[in-house]
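Given next are the chains, with one letter for each unit.
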Amino acid sequence: MIERLQMIAHKAQVVIATSEESADDIIAQEADTINVPCYRGSLNNLLDRHYQAAKKYNAAIVLKIPSDCPLIDPRIIDQVLDFYFAHPGDYDYVSNLHPATFPDGNDVEIMTMACIEKAWTEAKRPLELEHTTPYIWENQENFRIGNVIWEAGKDYSMSHRFTIDYEADYLFIKRVFEELYPGKPDFACEDIINLLEQQPEIYNINASYAGVNWYRNHLDELKTISAEQTKVTLG
């Protein structure tokens, strides 16, 4: 995943932000091995972890990429960054998630330091602290918010799952890398989709989890998320 993040065209400092728990020592060790800075903070308060990491490394803006997205397409990251920089001073927060249209696992969020600091100062609910940005997109009257959607009207956000939570996700991702990485290390999102069309048995590895995300546990707390944006039950 770090290799894919380092493929983006924009200049950015990659920082691995993990917890202080002993179980995550191996992540800090790997970060040292591959010579990538690592910040260690709260296990459950990721908003604080990300804010403190951004401050420590003097970030001008914060580009948040979840660590469960090992198939993320660097071109999609650049697309969201291009949109942000094409509108200087117009947005506090830009993502490709509200609404989401890209396959799950291509999550990109950009926020100014003033934006994340405001959220860090004002957010109180556990879900706002755990997931970093809900306070921002749940309080749209207080932030200037932009969103990037997939071109040509595509929406694979609920049908294609490129993220990792379950063993089936790991097996899916492993197979995608085995098929695409040797011949094209910088394979794109479209390359994955073409592979799945040619070999639907790969798509089926984790298809039962398509649309399953953390929203399903907080529908009664999120005012900007509907039941159509998550899968409440499997099967």
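Right above here is the structure, for reference.
Here the structure is a predicted model, which is why all the values come from computation and not from measurement.

K.L.:
For this particular structure, what's the right way to read unusual backbone geometry?
P.N.:
What is expected of a backbone is that most residues other than glycine have negative phi and most peptide bonds are trans. In this structure, Pro 99 follows His 98 across a cis peptide bond, with omega equal to 5°. Here Asn 35, not a glycine, exhibits a phi torsion of approximately 60°, which is positive. Within the secondary structure, Asn 35 sits in the loop between helix H2 (25–33) and strand S2 (38–41). In this structure, Thr 132 takes a positive phi of about 70° despite not being glycine. Tracing the backbone shows Thr 132 in the loop between helix H6 (126–130) and helix H7 (134–138). By relative accessible area, Thr 132 is classed as buried at 1%.

K.L.:
Is there a simple way to think about the packing of aromatic side chains in this case?
P.N.:
Given two aromatic rings, one states the distance between the centres and the angle between the planes to describe the pair. Applying the stated criterion to the full structure yields 13 aromatic pairs. Considering the side-chain rings of Phe 102 and Trp 150, the 5.6 Å spacing of their centres and the 25° angle between planes classify their relative orientation as stacked. Here Phe 102, found in the loop between strand S4 (93–95) and strand S5 (109–112), pairs with Trp 150, found in the loop between strand S6 (145–147) and helix H8 (167–180); they are 48 residues apart in sequence, far enough to count as distant. With relative accessibility at 7%, the residue Trp 150 sits in the buried group. For the pair Tyr 166 and Tyr 209, a centre-to-centre distance of 4.0 Å together with 15° between the ring planes defines the contact as stacked. Taken as a pair, Tyr 166 in the loop between S6 and H8 and Tyr 209 in the segment after helix H10 (200–203) lie far apart in primary sequence, 43 residues in all. Taken together, the ring pairs in this structure connect Phe 102, Trp 150 and Tyr 156 into an aromatic cluster. Sitting over the ring of Phe 187, Arg 4 keeps its end group 4.1 Å from the ring centre. One Lys or Arg, Lys 154, reaches over the ring of Trp 150 and ends 5.1 Å from the middle of that ring.

K.L.:
Whenever I open this one, the nonpolar core confuses me. Can you help?
P.N.:
Leu 71, Ile 77, Phe 162, Phe 172, Val 176 and Ile 192 are the most contacted members of the largest nonpolar core, which has 34 residues in total. Counting only elements with at least two residues in this core, the list comes to helix H1 (2–5), helix H4 (74–86), H8 and helix H9 (189–198). Not counting the four nearest positions on each side in its chain, Ile 77 is found in contact with Leu 5, Ile 8, Leu 63, Ile 65, Ile 72 and Val 108. In terms of nonpolar packing, the next biggest core, distinct from the first, is built from 19 residues, Cys 115, Ile 116, Tyr 135 and Tyr 215 among them.

K.L.:
Is there a simple way to explain the environment of Leu 171 in this structure?
P.N.:
You can see Leu 171 is positioned in helix H8. Between the C-alpha atoms of Leu 171 and Gly 183, which are 12 residues apart in sequence, the distance is 20 Å.

K.L.:
Any chance you could explain the sheet that holds S5 here in plain terms?
P.N.:
Two pairing modes exist for strands in a sheet, parallel and antiparallel, and in both the strands are linked by backbone hydrogen bonds. With mixed pairing, four strands are arranged side by side in an open sheet as S3-S5-S4-S6. Every other strand in the sheet has two partners, leaving strand S3 (61–64) and S6 as the edge strands with one partner each. Here the strands of the sheet are splayed against their neighbours by 15° on average, with no regard to which way each runs. Sheet contacts for H4: S3, S4, S5 and S6; angle to S3, the most-contacted strand, approximately 155°.

K.L.:
What should I look at first to understand the pattern of salt bridges in this one?
P.N.:
When the charged atoms of two side chains lie near each other, side chains of opposite charge can form a pair. Applying the stated criterion across every chain, the model contains 15 salt bridges. A salt bridge links Lys 118 to Glu 122, with the nearest nitrogen and oxygen atoms 2.9 Å apart. With Lys 118 and Glu 122 both in helix H5 (residues 113–122) and four residues apart, this pair spans about one turn of that helix. For Lys 118, a relative accessible area of 28% translates into the label partly exposed. In this structure, Lys 174 engages Glu 178 in a salt bridge whose closest nitrogen and oxygen atoms are separated by 2.6 Å. In this pair, Lys 174 and Glu 178 are both assigned in helix H8, four residues apart and thus about one turn of the helix distant. Under the relative-accessibility criterion, Lys 174 is labelled partly exposed at 37%. Residue classification places Glu 178 among the partly exposed residues on the basis of a relative accessible area of 44%.

How each quantity is defined
Residues numbered from 1 in each chain as written. Predicted model: local features only at pLDDT ≥ 70, side-chain atom pairs only at ≥ 80, totals over all residues. Heavy atoms only, no water. Helix = DSSP H or I, 4+ residues; strand = E, 2+ residues; numbered from the N terminus. Buried < 20%, exposed > 50% of the residue type's maximum accessible area, 1.4 Å probe, protein only. Phe/Tyr/Trp six-rings, centres within 6.5 Å; stacked < 30°, edge-to-face > 60°. Lys NZ or Arg CZ within 6 Å of the ring centre and 35° of its normal. Core = buried A, V, L, I, M, F, W, Y, C linked by side-chain atoms within 4.5 Å. Contact = heavy atoms within 4.5 Å. Pairing = 2+ DSSP bridges. Axes fitted to C-alpha atoms, helices over the stretch in contact; angles between N-to-C directions. Salt bridge = Lys/Arg side-chain N within 4 Å of Asp/Glu carboxyl O.

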